[in-house]
Amino acid sequence: MAVSTGRKYSTKMEMVYESLKEDIINGLLGQGQKIVAREVANKFGVSDIPVREALKKLEADGLVENIPHVGSRVSLINIKKAGEIFAIRLEMEAFATRLAATNADAKGIDELQKIVDEIDKYLVEDDVKQISRLNTAFHQKLYQLSGNEMLFEMILSLMDRSQYSKSVFALVGDRREKSNKEHQQIVDALRQGNPEEAEEALRAQKEYAFKALLDKLKFVSGEESR
């Protein structure tokens, strides 16, 4: 039976690609987990062809790797590189948040508040996928409000290179409610035009989340004992 995603896709390959990608970056498909094309095809009610095409695209994204005589599996994360990216992201995102507290207009802040309220709704439903999606939307909007287009583009590029960071809510479940409270603190600081408080709330959120995620990834990878 085909899986109903509630979305419209132009091709079957796109449907499979987006669904697998979402499960990988949200941590629902774990590092090193094998992906059997026939099983995926049966799940989505499609032939093997769009599944193979989707897997090739995910491989190009670096989210899937093909092992000779084994098949496709979710890529293992380079812990060292992840740590380096997180360190850079922390400083850039903190700077963008400071700028947003100075440059954001009322409309932009209201949009952030709407996202916070939506997350609260999905917290009650314990919908990890929607919480993760909205968390990304919140931060992208926040950094856009910095008014610095070059900074915003650089942050988006680093976010694309560390999409697995979205899995924090699946891997570190106790972060969900705390994270949204920090979102609210950021919004409140923006309304007050207080860059110090906005940056402090962002740093508290990111430092904890990045460390917790790295610790979890090291555990999953077996590096915690090295």
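First things first, this report covers the structure right here in the doc. (Residues numbered from 1 in each chain as written. Predicted model: local features only at pLDDT ≥ 70, side-chain atom pairs only at ≥ 80, totals over all residues. Heavy atoms only, no water.)

## Thoughts on the packing of aromatic side chains
- Under the definition given, this model contains one aromatic pair.
- An angle of 0° between the planes, with centres 4.3 Å apart, marks the rings of Phe86 and Phe210 as stacked. You can see Phe86 sitting in helix H4 (residues 79-103) and its partner Phe210 sitting in helix H10 (residues 195-221), a full 124 residues away along the chain.
- Of note, Lys57 hangs over the ring of Tyr17, and the distance from its end group to the ring centre comes to 4.3 Å. (Phe/Tyr/Trp six-rings, centres within 6.5 Å; stacked < 30°, edge-to-face > 60°. Helix = DSSP H or I, 4+ residues; strand = E, 2+ residues; numbered from the N terminus. Lys NZ or Arg CZ within 6 Å of the ring centre and 35° of its normal.)

## A short note on the environment of Asn26
- In this fold, Asn26 is placed in the loop between helix H1 (12-25) and strand E1 (34-35).
- Spatially, the C-alpha atom of Asn26 lies 8.6 Å from that of Gln163, the residues being 137 residues apart in sequence.

## Some words on unusual backbone geometry
- Even without a glycine there, the phi angle at His69 is positive, about 65°.
- Relative to the helices and strands, His69 resides in the loop between strand E2 (64-67) and strand E3 (71-74).
- His69 gets classed as exposed once you look at its relative accessible area, which sits at 86%.
- In this structure, Asp126 is a non-glycine residue whose phi angle is positive, near 55°. (Buried < 20%, exposed > 50% of the residue type's maximum accessible area, 1.4 Å probe, protein only.)

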